[in-house]
Amino acid sequence: MDTSTHFVMGIGLAGLAYVDPVVAASPMLAAAVMVGTIAGSQAPDIDTALRLKSNSLYIRNHRGLSHSLPFLLLWVLLITGVIALIFPGVPIGHVATWTAVAVGVHVFTDLFNTYGTQAARPFTERWIAWNIIHIFDPFLFTTHVIAILLWAFDLIAPAPLFVTLYSLTGLYYIWRTIARAQAVRKVRRLDNSPEQARYIVIPTISWNRWHVVKRVEDGSYVIGKMDGSNLVWSLHASSSTHAAVAASRKSPEVSAFLYFTSYAVAEVEELPAGYKVRWADVRYRHRKQYPFVAVIVMDRNFETIDTYVGWLSDEKMDKKLLSARP
């Protein structure tokens, strides 16, 4: 999920904690629990700070080790330890329990997005992405904000309010899981391709609209969208076999990009004195562009001149690399 949704979920879980009679009976403990749930809902994304060092380091590691099984425990221990210093004397076991819930909810909900996590580390470094919930879901964000406001203005007691909210949230996740499974079946039914193909059906901010990527036997992709029962294929994408593509794989930026995604294609643009290789993740298509890219500019000897990896529009990327054009 996005940062704002994780934040409101952290507050929401603090409200849900009022089902614990010990929390409900102690304002000091309730405050400590809120600190724990908010911190726990944000802690796994602390690896965002890696962006300050380099985009390639961030992309290789974001939602990786910080979302892994050992770190679930580590975040709880660290956050609970700090809270114990700030709120001496509070029943720390209750703080630890609700902090653990917040950390667990963060990682679990991230599994439902397209970006995914490496939540199964250290057993596997596979990226787990269930493609069920959009990275920003208006329903989840709005319902949490409404519940928080009702609580803030003391209109409804927190325990019944947030029990209702999270019961509704659970039902919503179940419904979206079923809807996504139905969408996959619908794509298979609507597509008349005789080839053996794999389909990646990706949620959008609209409940009835899905991005669809079909991987065909030759390793190329067909990209389209399904709106209701209308499936439209709009683009075929395949990687160039140019020697510059193979050379680009040696770049740390491209290596980080390919570590994260298995759905990348490369295209080569010849420059007056070299090449520009652009890798794009075909799962992310917005306004006829692929905003998640790794780009490397090389000379004729395949020596790197400049690189970029991350989320960027064509206009901004071209501006950044303009100075690298020979």
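As recorded in an unreviewed UniProt entry, the protein goes by the name Inner membrane protein, listed as coming from Paenibacillus xylanexedens.

Student: Account for a nonpolar patch on the surface, naming residues and giving values.
Tutor: On the surface, Leu149, Phe153, Leu155 and Ile156 cluster together into a nonpolar patch covering about 420 Å² of accessible area. Here Leu149 lies in helix H7 (residues 138–152). Judged by its relative accessible area of 45%, Leu149 is partly exposed.

Student: Just give me the short version of the packing of aromatic side chains, but keep the residues and values in it.
Tutor: The tally for this structure, following the rule as stated, stands at 24 aromatic pairs. Measuring from ring centre to ring centre gives 4.5 Å for Tyr115 and Phe260, while their planes differ by 40 degrees; the resulting arrangement is tilted. You can see Tyr115 sitting in the loop between helix H6 (92–110) and H7 and its partner Phe260 sitting in helix H10 (residues 252–260), a full 145 residues away along the chain. Both residues of the pair, Tyr115 and Phe260, count as buried. When the centroid spacing of 4.9 Å and the interplanar angle of 75 degrees are considered together, the rings of Tyr284 and Trp311 count as edge-to-face. Taken together, the residues Tyr284 in the loop between strand S6 (274–281) and strand S7 (292–299) and Trp311 in strand S8 (residues 304–311) connect sequence positions 27 residues apart. What makes Tyr284 buried here is its relative accessible area of 13%.

Student: Any details on the environment of Trp175? Residues and values, ideally.
Tutor: The topology assignment puts Trp175 in helix H8 (residues 158–190). Using a relative accessible area of 39% as the deciding quantity, one classes Trp175 as partly exposed. Through-space distance from the C-alpha of Trp175 to that of Ala273 is 54 Å; in sequence the pair is 98 residues apart.

Student: Give me the lowdown on the sheet that holds strand S1 (residues 198–203), citing residues and values where you can.
Tutor: With respect to topology, 4 strands assemble into an open sheet ordered S1-S2-S3-S4, the strand pairing being antiparallel. The sheet is open, and its two edges are formed by S1 and strand S4 (230–237), each paired on a single side. When the angles between neighbouring strand axes are averaged without regard to direction, this sheet yields 25 degrees. Alignment of strand S2 (residues 209–215) against strand S3 (residues 221–227), held across 7 bridges, turns out to be antiparallel. Note that in S3 the partner of Trp210 across the bridge is Met226. Along the sheet, H8 makes contact with S1, S2, S3 and S4, crossing S1 at roughly 135 degrees.

Student: An account of the nonpolar core is needed here, citing residue identities and associated values.
Tutor: One finds Ile133, Phe162 and Tyr173 to be the most contacted residues of the largest nonpolar core, which totals 37 residues. Among the elements of the structure, helix H1 (3–16), helix H3 (27–42), helix H5 (69–86), H6, H7 and H8 are those that each provide at least two residues to this core. Beyond its immediate sequence surroundings of up to four residues, Ile133 is in contact with Met1, Phe112, Asn113, Leu140, Tyr172, Tyr173, Arg176 and Pro203.

Student: I'd like a rundown of the layout of surface pockets, residues and numbers included.
Tutor: The computed volume of the largest pocket comes to approximately 1100 Å³. Lining the largest pocket we find 38 residues, and of these His134, Ile135, Tyr284, Pro291 and Trp311 sit closest to its centre. For the lining of the largest pocket, the secondary structure elements donating two or more residues are S1, S2, S3 and S4. Take the lining of the largest pocket: its biggest share by element is 4 residues, from S2. Counted by class, the lining of the largest pocket contains 16 nonpolar, 12 polar and 10 charged residues. Empty space within the second largest pocket amounts to approximately 410 Å³. If you go around the second largest pocket, you meet 19 residues; those closest to its centre are Trp127, Ala129, Asn131, Tyr263 and Arg283. Contributions of two or more residues to the lining of the second largest pocket are made by S1 and H10.

Student: Talk me through the pairing of S2; I want residue IDs and the actual numbers.
Tutor: Two elements, S1 and S2, share 6 bridges in a ladder whose sense is antiparallel. By the bridge assignment for S2, Tyr199 is matched with Lys214. Counting the residues between successive antiparallel strands, the hairpin from S2 to S3 contains 5 residues, one of them, Gly219, with a positive phi of roughly 90 degrees.

Student: Pulling in residues and values, what's your account of the sheet that holds strand S5 (residues 264–271)?
Tutor: Strand order in this open sheet of 4 strands is S5-S6-S7-S8, and the pairing throughout is antiparallel. Unpaired on one side and paired on the other, S5 and S8 mark the two borders of the sheet. In this sheet, neighbouring strand axes are inclined to one another by 10 degrees on average, regardless of whether the strands run parallel or antiparallel. The strands touched by H10 within the sheet are S5, S6, S7 and S8, with S7 carrying the most contacts at an inclination of about 150 degrees.

Student: Got a sec to walk through the environment of Leu231? Specific residues and values, please.
Tutor: Looking at the secondary structure, you find Leu231 in strand S4. With 44 residues separating them in the primary sequence, Leu231 and Val187 have C-alpha atoms 7.1 Å apart. What Leu231 contacts, discounting residues up to four positions off in sequence, is Val187, Leu190, Asp191, Val212, Lys225 and Met226.

Student: Report on the packing of H1 against H6, specifying residues and quantitative values.
Tutor: Put simply, H1 and H6 touch, their axes get as near as 10 Å, and they point 140 degrees apart. The angle between H1 and H6 falls in the class oblique. Relative to H6, H1 is oriented so that their crossing is right-handed. In this structure, H1 contributes His6, Met9, Leu13 and Leu16 to the contact, and H6 contributes Trp98, Val101, Ala102, Val105, His106, Thr109 and Asp110.

About the criteria used
- Residues numbered from 1 in each chain as written.
- Predicted model: local features only at pLDDT ≥ 70, side-chain atom pairs only at ≥ 80, totals over all residues.
- Heavy atoms only, no water.
- Patch = residues over 30% accessible without salt bridge, like charges linked within 9 Å, V, L, I, M, F, W, Y side chains within 5 Å.
- Areas by Shrake-Rupley, 256 points an atom, 1.4 Å probe, with all protein chains shown as cover.
- Salt bridge = Lys/Arg side-chain N within 4 Å of Asp/Glu carboxyl O.
- Helix = DSSP H or I, 4+ residues; strand = E, 2+ residues; numbered from the N terminus.
- Buried < 20%, exposed > 50% of the residue type's maximum accessible area, 1.4 Å probe, protein only.
- Phe/Tyr/Trp six-rings, centres within 6.5 Å; stacked < 30°, edge-to-face > 60°.
- Pairing = 2+ DSSP bridges.
- Axes fitted to C-alpha atoms, helices over the stretch in contact; angles between N-to-C directions.
- Contact = heavy atoms within 4.5 Å.
- Core = buried A, V, L, I, M, F, W, Y, C linked by side-chain atoms within 4.5 Å.
- 1 Å grid on protein atoms, 1.4 Å probe; cavity = no way out; pocket = protein on both sides within 12 Å on 5 of 7 lines; lining within 4 Å.
- Points joined across faces, edges and corners; volume = space filled by probe spheres on them.
- Nonpolar A, V, L, I, M, F, W, Y, C, P; charged D, E, K, R; others polar.
- Parallel < 35°, antiparallel > 145°, perpendicular 65-115°, else oblique.
- Left-handed = near helix turned anticlockwise from the far one by under 90°.

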